[in-house]
Amino acid sequence: MDGRWVEIGDGVLARRHAELDLTTGLVIGSERALVIDTRGDARQGAELARAVRALTPLPLVVAITHAHFDHCFGTAAFLPAPVHALRRCREVLEATAAAQRATWAAHYRGCGDHATADALAATDPPLPDAPAPTDLDLGGRTATLSHLGRGHTDHDLVVHVPDAGVVFAGDLVEQGAPPAFEDAVVADWPATLTAVLASEPRVVVPGHGDPVDAAFVAEQRDRLAEVAALHDAVTSGDLTADEAAARSPYPGVPWP
(Lines give C-alpha, C1' and ligand atoms only; values in the text may rest on other atoms or scores of the structure.)
Protein backbone atom coordinates (compact mmCIF):
# COMPACT_ATOMS: atom_id res chain seq x y z
CA MET A 1 0.00 0.00 0.00
CA ASP A 2 1.19 3.50 -0.85
CA GLY A 3 0.86 5.19 2.51
CA ARG A 4 0.92 4.85 6.27
CA TRP A 5 -1.55 5.82 8.95
CA VAL A 6 -0.60 8.19 11.76
CA GLU A 7 -3.02 8.13 14.70
CA ILE A 8 -3.42 11.64 16.07
CA GLY A 9 -6.45 11.07 18.28
CA ASP A 10 -8.98 8.42 19.20
CA GLY A 11 -10.42 7.42 15.83
CA VAL A 12 -8.69 10.35 14.10
CA LEU A 13 -5.95 9.48 11.64
CA ALA A 14 -3.78 11.15 9.03
CA ARG A 15 -2.54 9.09 6.09
CA ARG A 16 0.87 10.03 4.79
CA HIS A 17 1.59 9.40 1.10
CA ALA A 18 5.00 9.46 -0.54
CA GLU A 19 3.55 10.97 -3.74
CA LEU A 20 3.76 14.78 -3.39
CA ASP A 21 4.18 14.27 0.39
CA LEU A 22 0.37 14.39 0.50
CA THR A 23 -1.62 13.95 3.71
CA THR A 24 -5.23 12.76 3.74
CA GLY A 25 -7.45 12.15 6.76
CA LEU A 26 -9.96 9.84 8.38
CA VAL A 27 -12.32 10.54 11.29
CA ILE A 28 -14.24 7.53 12.62
CA GLY A 29 -17.47 7.91 14.56
CA SER A 30 -19.83 5.24 15.84
CA GLU A 31 -22.16 5.46 12.82
CA ARG A 32 -20.09 6.76 9.89
CA ALA A 33 -16.57 7.80 8.96
CA LEU A 34 -15.32 10.95 7.27
CA VAL A 35 -12.58 10.82 4.62
CA ILE A 36 -10.73 14.12 4.09
CA ASP A 37 -9.39 14.45 0.53
CA THR A 38 -9.11 11.56 -1.92
CA ARG A 39 -5.66 11.76 -3.64
CA GLY A 40 -4.72 12.56 -7.21
CA ASP A 41 -6.19 10.02 -9.64
CA ALA A 42 -8.60 7.09 -9.78
CA ARG A 43 -5.88 4.54 -9.01
CA GLN A 44 -4.63 6.49 -5.99
CA GLY A 45 -8.18 7.02 -4.77
CA ALA A 46 -8.81 3.28 -4.92
CA GLU A 47 -5.66 2.66 -2.85
CA LEU A 48 -6.89 5.12 -0.22
CA ALA A 49 -10.35 3.55 -0.21
CA ARG A 50 -8.83 0.11 0.43
CA ALA A 51 -6.75 1.52 3.28
CA VAL A 52 -9.85 3.12 4.79
CA ARG A 53 -11.82 -0.11 4.46
CA ALA A 54 -9.05 -1.98 6.26
CA LEU A 55 -9.84 0.20 9.29
CA THR A 56 -13.61 0.60 9.19
CA PRO A 57 -16.69 -0.89 7.50
CA LEU A 58 -18.85 2.13 8.38
CA PRO A 59 -20.70 4.20 5.77
CA LEU A 60 -18.42 6.92 4.43
CA VAL A 61 -18.70 10.67 3.98
CA VAL A 62 -16.10 12.67 2.03
CA ALA A 63 -14.85 16.24 2.47
CA ILE A 64 -12.69 17.97 -0.17
CA THR A 65 -10.48 20.79 1.11
CA HIS A 66 -9.95 22.43 -2.29
CA ALA A 67 -10.04 21.76 -6.02
CA HIS A 68 -6.38 20.97 -6.76
CA PHE A 69 -6.07 17.59 -8.44
CA ASP A 70 -3.92 15.91 -5.80
CA HIS A 71 -6.67 16.40 -3.21
CA CYS A 72 -9.76 15.43 -5.17
CA PHE A 73 -9.22 13.47 -8.38
CA GLY A 74 -9.52 10.15 -6.50
CA THR A 75 -13.10 10.75 -5.34
CA ALA A 76 -14.79 8.16 -7.60
CA ALA A 77 -13.48 5.35 -5.40
CA PHE A 78 -15.69 6.57 -2.55
CA LEU A 79 -18.99 6.98 -4.39
CA PRO A 80 -21.90 6.84 -3.68
CA ALA A 81 -20.75 8.56 -0.47
CA PRO A 82 -21.81 12.22 -0.24
CA VAL A 83 -18.92 14.52 -1.17
CA HIS A 84 -18.88 17.80 0.76
CA ALA A 85 -17.07 20.90 -0.46
CA LEU A 86 -17.67 24.59 -0.91
CA ARG A 87 -19.77 25.56 -3.92
CA ARG A 88 -16.79 27.51 -5.20
CA CYS A 89 -14.69 24.32 -5.04
CA ARG A 90 -17.17 22.60 -7.34
CA GLU A 91 -17.06 25.57 -9.74
CA VAL A 92 -13.26 25.64 -9.84
CA LEU A 93 -12.98 21.88 -10.31
CA GLU A 94 -15.51 21.93 -13.12
CA ALA A 95 -13.65 24.77 -14.84
CA THR A 96 -10.08 23.54 -14.38
CA ALA A 97 -10.11 19.72 -14.17
CA ALA A 98 -9.20 19.21 -17.84
CA ALA A 99 -6.30 21.68 -17.69
CA GLN A 100 -5.01 20.22 -14.41
CA ARG A 101 -5.19 16.72 -15.85
CA ALA A 102 -3.27 17.69 -18.99
CA THR A 103 -0.62 19.68 -17.13
CA TRP A 104 0.11 17.09 -14.49
CA ALA A 105 -0.09 14.08 -16.80
CA ALA A 106 2.57 15.80 -18.91
CA HIS A 107 4.60 16.48 -15.76
CA TYR A 108 4.56 12.83 -14.70
CA ARG A 109 5.33 11.65 -18.21
CA GLY A 110 8.27 14.04 -18.35
CA CYS A 111 9.53 12.57 -15.07
CA GLY A 112 9.31 9.07 -16.51
CA ASP A 113 6.38 8.07 -14.26
CA HIS A 114 4.20 6.74 -17.05
CA ALA A 115 1.95 4.71 -14.74
CA THR A 116 0.85 7.81 -12.84
CA ALA A 117 0.59 9.82 -16.06
CA ASP A 118 -1.67 7.18 -17.60
CA ALA A 119 -3.82 6.88 -14.49
CA LEU A 120 -4.26 10.64 -14.28
CA ALA A 121 -5.00 11.01 -18.00
CA ALA A 122 -7.79 8.43 -17.62
CA THR A 123 -9.34 10.07 -14.54
CA ASP A 124 -12.51 12.15 -14.81
CA PRO A 125 -13.06 13.42 -11.26
CA PRO A 126 -16.67 13.55 -10.02
CA LEU A 127 -17.85 16.90 -8.73
CA PRO A 128 -18.72 17.43 -5.07
CA ASP A 129 -22.45 16.98 -4.53
CA ALA A 130 -23.09 17.90 -0.88
CA PRO A 131 -23.03 21.24 0.95
CA ALA A 132 -20.39 22.82 3.10
CA PRO A 133 -19.95 24.52 5.52
CA THR A 134 -21.83 22.06 7.69
CA ASP A 135 -21.65 20.02 10.86
CA LEU A 136 -21.42 16.28 10.20
CA ASP A 137 -22.80 13.95 12.86
CA LEU A 138 -20.57 10.88 12.66
CA GLY A 139 -22.21 9.20 15.63
CA GLY A 140 -20.88 10.14 19.04
CA ARG A 141 -18.81 12.96 17.58
CA THR A 142 -19.20 15.89 15.20
CA ALA A 143 -16.87 17.11 12.48
CA THR A 144 -17.30 20.75 11.54
CA LEU A 145 -16.60 21.76 7.94
CA SER A 146 -15.87 25.48 7.75
CA HIS A 147 -14.69 28.15 5.35
CA LEU A 148 -12.61 30.37 7.63
CA GLY A 149 -11.34 32.60 4.85
CA ARG A 150 -9.28 32.60 1.69
CA GLY A 151 -5.60 31.70 1.56
CA HIS A 152 -4.09 28.88 -0.46
CA THR A 153 -7.14 29.26 -2.73
CA ASP A 154 -10.36 31.24 -2.65
CA HIS A 155 -12.30 28.16 -1.46
CA ASP A 156 -10.30 26.49 1.32
CA LEU A 157 -12.31 24.14 3.54
CA VAL A 158 -11.16 23.32 7.09
CA VAL A 159 -12.32 20.25 9.03
CA HIS A 160 -12.40 20.59 12.83
CA VAL A 161 -12.86 17.59 15.13
CA PRO A 162 -13.51 19.33 18.46
CA ASP A 163 -13.52 16.29 20.76
CA ALA A 164 -10.04 15.34 19.53
CA GLY A 165 -8.61 18.87 19.25
CA VAL A 166 -7.66 18.22 15.63
CA VAL A 167 -7.96 20.48 12.59
CA PHE A 168 -7.43 19.26 9.03
CA ALA A 169 -6.29 22.46 7.28
CA GLY A 170 -5.66 21.31 3.72
CA ASP A 171 -3.01 23.39 1.97
CA LEU A 172 -3.63 26.40 4.18
CA VAL A 173 -0.76 24.79 6.13
CA GLU A 174 2.31 23.13 4.60
CA GLN A 175 4.98 21.17 6.45
CA GLY A 176 8.24 20.13 4.83
CA ALA A 177 7.93 22.53 1.90
CA PRO A 178 7.00 26.20 1.39
CA PRO A 179 3.34 27.14 0.90
CA ALA A 180 2.16 27.11 -2.72
CA PHE A 181 1.00 30.46 -4.06
CA GLU A 182 -0.18 29.85 -7.62
CA ASP A 183 -3.88 30.28 -6.72
CA ALA A 184 -3.38 32.09 -3.43
CA VAL A 185 -5.17 35.10 -2.00
CA VAL A 186 -2.05 36.44 -0.31
CA ALA A 187 -3.64 39.33 1.57
CA ASP A 188 -6.20 37.09 3.31
CA TRP A 189 -4.06 34.09 4.16
CA PRO A 190 -2.64 35.28 7.52
CA ALA A 191 -6.09 36.14 8.91
CA THR A 192 -7.41 32.76 7.82
CA LEU A 193 -4.68 31.01 9.78
CA THR A 194 -5.50 33.20 12.77
CA ALA A 195 -9.05 31.86 12.48
CA VAL A 196 -7.69 28.29 12.37
CA LEU A 197 -5.76 28.96 15.57
CA ALA A 198 -8.84 30.42 17.29
CA SER A 199 -10.14 26.90 17.90
CA GLU A 200 -6.97 26.20 19.94
CA PRO A 201 -6.16 22.96 18.13
CA ARG A 202 -3.94 20.35 19.72
CA VAL A 203 -2.91 19.05 16.28
CA VAL A 204 -3.17 20.62 12.82
CA VAL A 205 -2.96 18.31 9.82
CA PRO A 206 -1.48 20.02 6.75
CA GLY A 207 -2.33 19.12 3.18
CA HIS A 208 1.30 18.04 2.69
CA GLY A 209 3.74 16.96 5.36
CA ASP A 210 3.50 15.68 8.92
CA PRO A 211 0.93 16.83 11.49
CA VAL A 212 2.04 19.93 13.40
CA ASP A 213 1.14 21.90 16.50
CA ALA A 214 -0.36 25.35 16.89
CA ALA A 215 3.05 26.98 17.32
CA PHE A 216 4.09 25.77 13.85
CA VAL A 217 0.91 27.25 12.35
CA ALA A 218 1.46 30.55 14.15
CA GLU A 219 5.01 30.78 12.80
CA GLN A 220 3.80 30.05 9.26
CA ARG A 221 1.04 32.65 9.70
CA ASP A 222 3.62 35.26 10.71
CA ARG A 223 5.79 34.50 7.68
CA LEU A 224 2.75 34.74 5.42
CA ALA A 225 2.01 38.12 7.00
CA GLU A 226 5.49 39.21 5.88
CA VAL A 227 4.65 38.04 2.36
CA ALA A 228 1.35 39.94 2.45
CA ALA A 229 3.13 43.13 3.55
CA LEU A 230 5.67 42.77 0.76
CA HIS A 231 2.82 42.16 -1.69
CA ASP A 232 1.20 45.42 -0.58
CA ALA A 233 4.52 47.25 -0.97
CA VAL A 234 4.86 46.06 -4.55
CA THR A 235 1.27 47.07 -5.28
CA SER A 236 1.89 50.57 -3.89
CA GLY A 237 5.17 50.95 -5.78
CA ASP A 238 7.32 51.07 -2.66
CA LEU A 239 9.19 47.94 -3.75
CA THR A 240 9.90 46.26 -7.03
CA ALA A 241 8.94 42.61 -7.50
CA ASP A 242 12.62 41.66 -7.47
CA GLU A 243 13.19 43.52 -4.19
CA ALA A 244 10.16 41.83 -2.64
CA ALA A 245 11.30 38.40 -3.82
CA ALA A 246 14.71 38.97 -2.25
CA ARG A 247 13.10 39.76 1.11
CA SER A 248 10.36 37.13 1.02
CA PRO A 249 10.55 34.23 3.49
CA TYR A 250 9.02 32.01 0.79
CA PRO A 251 9.77 31.49 -2.89
CA GLY A 252 7.23 31.30 -5.66
CA VAL A 253 5.12 34.32 -4.75
CA PRO A 254 3.36 35.84 -7.79
CA TRP A 255 4.10 39.51 -7.17
CA PRO A 256 1.73 42.15 -8.64
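Residues numbered from 1 in each chain as written. Predicted model: local features only at pLDDT ≥ 70, side-chain atom pairs only at ≥ 80, totals over all residues. Heavy atoms only, no water.

Caption draft 1: Focus on the environment of Thr123. Among the secondary structure elements, Thr123 is positioned in the loop between α4 (114–121) and β7 (134–137). Separated by 83 residues in the primary sequence, Thr123 and Gly40 place their C-alpha atoms 9.0 Å from one another. Apart from residues lying up to four places away in sequence, Thr123 is in contact with Asp41, Ala42, Phe73 and Arg101. (Helix = DSSP H or I, 4+ residues; strand = E, 2+ residues; numbered from the N terminus. Contact = heavy atoms within 4.5 Å.)

Caption draft 2: Summary view of the nonpolar core. One finds Leu34, Leu145 and Phe168 to be the most contacted residues of the largest nonpolar core, which totals 48 residues. The dominant element in this core, judged by the number of residues it contributes, is helix α3 (residues 87–110), at six residues. Listed in part, the 25 residues of the second largest apolar core include Phe181, Ala228, Tyr250 and Val253. (Core = buried A, V, L, I, M, F, W, Y, C linked by side-chain atoms within 4.5 Å. Buried < 20%, exposed > 50% of the residue type's maximum accessible area, 1.4 Å probe, protein only.)

Caption draft 3: Looking closely at the sheet that holds strand β10 (residues 166–174). As summarised here, the arrangement of the five strands in space is β7-β8-β9-β10-β11, forming an open sheet in which the pairing is mixed. Single-partner strands in this sheet number two, and they are β7 and β11 (203–208). When strand polarity is set aside, the average angle formed by the axes of neighbouring strands in this sheet is 25°. Relative to strand β9 (residues 158–161), strand β8 (residues 142–146) is paired through three bridges, and the arrangement is antiparallel. Within the sheet, the bridge partner assigned to Ser146 lies in β9 and is Val158. Along the sheet, helix α5 (residues 189–197) contacts β9 and β10; its crossing angle with β10, the most-contacted strand, is approximately 165°. Relative to the sheet, helix α6 (residues 214–236) contacts β10 and β11, its axis offset from that of β10 by approximately 30°. (Pairing = 2+ DSSP bridges. Axes fitted to C-alpha atoms, helices over the stretch in contact; angles between N-to-C directions.)

Caption draft 4: Fine view of the environment of Thr23. The topology assignment puts Thr23 in strand β3 (residues 23–28). With residues up to four places along the chain from it excluded, the contact list for Thr23 reads Ala14, Arg15, Arg16, Val205, Pro206, Gly207, His208 and Gly209. At a separation of 3.2 Å, a polar atom in the side chain of Thr23 contacts the side chain of Arg16. (Polar contact = N/O pair within 3.5 Å; in protein donor to acceptor, adjacent residues only side chain to side chain.)

Caption draft 5: Here's a closer look at the sheet that holds β3. Pairing is mixed in the open sheet, where six strands are placed in the order β1-β2-β3-β4-β5-β6. Edge positions in the open sheet fall to β1 (4–9) and β6 (83–84), since each of these has one partner strand only. The sheet contact formed by β3 and strand β4 (residues 33–36) spans four bridges and is antiparallel. Looking at β4, one finds that Val27 is bridged to Leu34.

Caption draft 6: Structural view of the side chain of Thr123. Given a relative accessible area of 4%, Thr123 falls into the buried group. Separated by 2.7 Å, the side chain of Thr123 and the backbone oxygen of Ala119 make a polar contact.

Caption draft 7: Fine view of the pattern of salt bridges. Considering all chains together, one arrives at 14 salt bridges under this definition. With a closest N to O distance of 2.7 Å, Arg39 and Asp2 form a salt bridge. Highlighted residues: Arg39 in the loop between β4 and α1 (42–53) and Asp2 in the segment before β1, separated in sequence by 37 residues. The exposure class assigned to Asp2 is partly exposed, which follows from its relative accessible area of 30%. Of the charged contacts in the structure, one is a salt bridge between Arg15 and Glu47, with a shortest N-O distance of 3.0 Å. With Arg15 in strand β2 (residues 12–16) and Glu47 in helix α1, this pair connects stretches of sequence that are 32 residues apart. (Salt bridge = Lys/Arg side-chain N within 4 Å of Asp/Glu carboxyl O.)

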